[in-house]
Structure formats: structure tokens, C-alpha cells
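# Structural features, examined
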Amino acid sequence: MLNGKEEFIEAGMTLDVFINLKGYNPEHIIIVYNSEIVSRESLAGFKMKDNDKIDLVKFVGGG
């Protein structure tokens, strides 16, 4: 699940590859993986599996 929507991925894909394929810049988002915030430095260490839940939160500026 990505932001509440079902996504299909290749088996064993890492979180960093998935985020790049979706067109997100890890420098501009917060990544929540199965209810835990993930640091950008550790993205490559997370191999995704069935029923994972990912939320990507973008920074938005304004007044």
C-alpha cells in the first residue's frame, strides 16, 4: 500500500528503488514504512514484502 492505494512491485525490491521509480526525491519527503519513520540513509536496507504500508509525506510551503 502506498498512501492508502494498492501498489504492485517486484519481489525483493528495496524501498529506495521503489521511491525512485515513483518519481519521489527522498530529500523532499518523509517516509513512513509500516508505521515507522525511515531515515534516508537506511532506505536501501528495507526489502519490501506483501502487505507493507508506505506513506510518503511531501513538504509543502506556504503561508
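Before reading on, note that the structure itself is shown above.
Residues numbered from 1 in each chain as written. Predicted model: local features only at pLDDT ≥ 70, side-chain atom pairs only at ≥ 80, totals over all residues. Heavy atoms only, no water.

### So, the overall build of the chain
- When its secondary structure is counted, the chain shows one helix and three strands.
- Listing the helices and strands of the chain from first to last along the sequence gives α-β-β-β.
- Each of the three principal axes of the chain carries a C-alpha extent, and together these read 40 × 25 × 20 Å.
- Within the span of the chain, comprising 63 residues, buried residues form 27% of the whole.
- Distance between charge centres in the chain, computed from 7 positive and 10 negative side chains, equals 3 Å. (Helix = DSSP H or I, 4+ residues; strand = E, 2+ residues; numbered from the N terminus. Buried < 20%, exposed > 50% of the residue type's maximum accessible area, 1.4 Å probe, protein only. Lys, Arg positive; Asp, Glu negative; His and termini not counted. Charge placed at Lys NZ, Arg CZ, Asp CG, Glu CD.)

### Overview of the environment of Leu2
- Residue position: Leu2 is located in the segment before α1 (15-21).
- Along the backbone, Leu2 and Lys47 are 45 residues apart, and their C-alpha atoms lie at a distance of 15 Å.
- Not counting chain neighbours up to four residues away, the residues in contact with Leu2 comprise Glu7, Phe18, Lys22, Ile54 and Leu56. (Contact = heavy atoms within 4.5 Å.)

### Considering the packing of aromatic side chains
- Enumeration according to the criterion identifies one aromatic pair in this entry.
- Aromatic pair Tyr33 and Phe46: ring centres 5.1 Å apart, planes at 70°, arrangement edge-to-face. Within this pair, whereas Tyr33 is found in strand β1 (residues 29-33), its partner Phe46 is found in the loop between β2 (36-38) and β3 (54-58), the two being separated by 13 residues in sequence.
- For Tyr33, a relative accessible area of 6% puts it in the buried group. (Phe/Tyr/Trp six-rings, centres within 6.5 Å; stacked < 30°, edge-to-face > 60°.)

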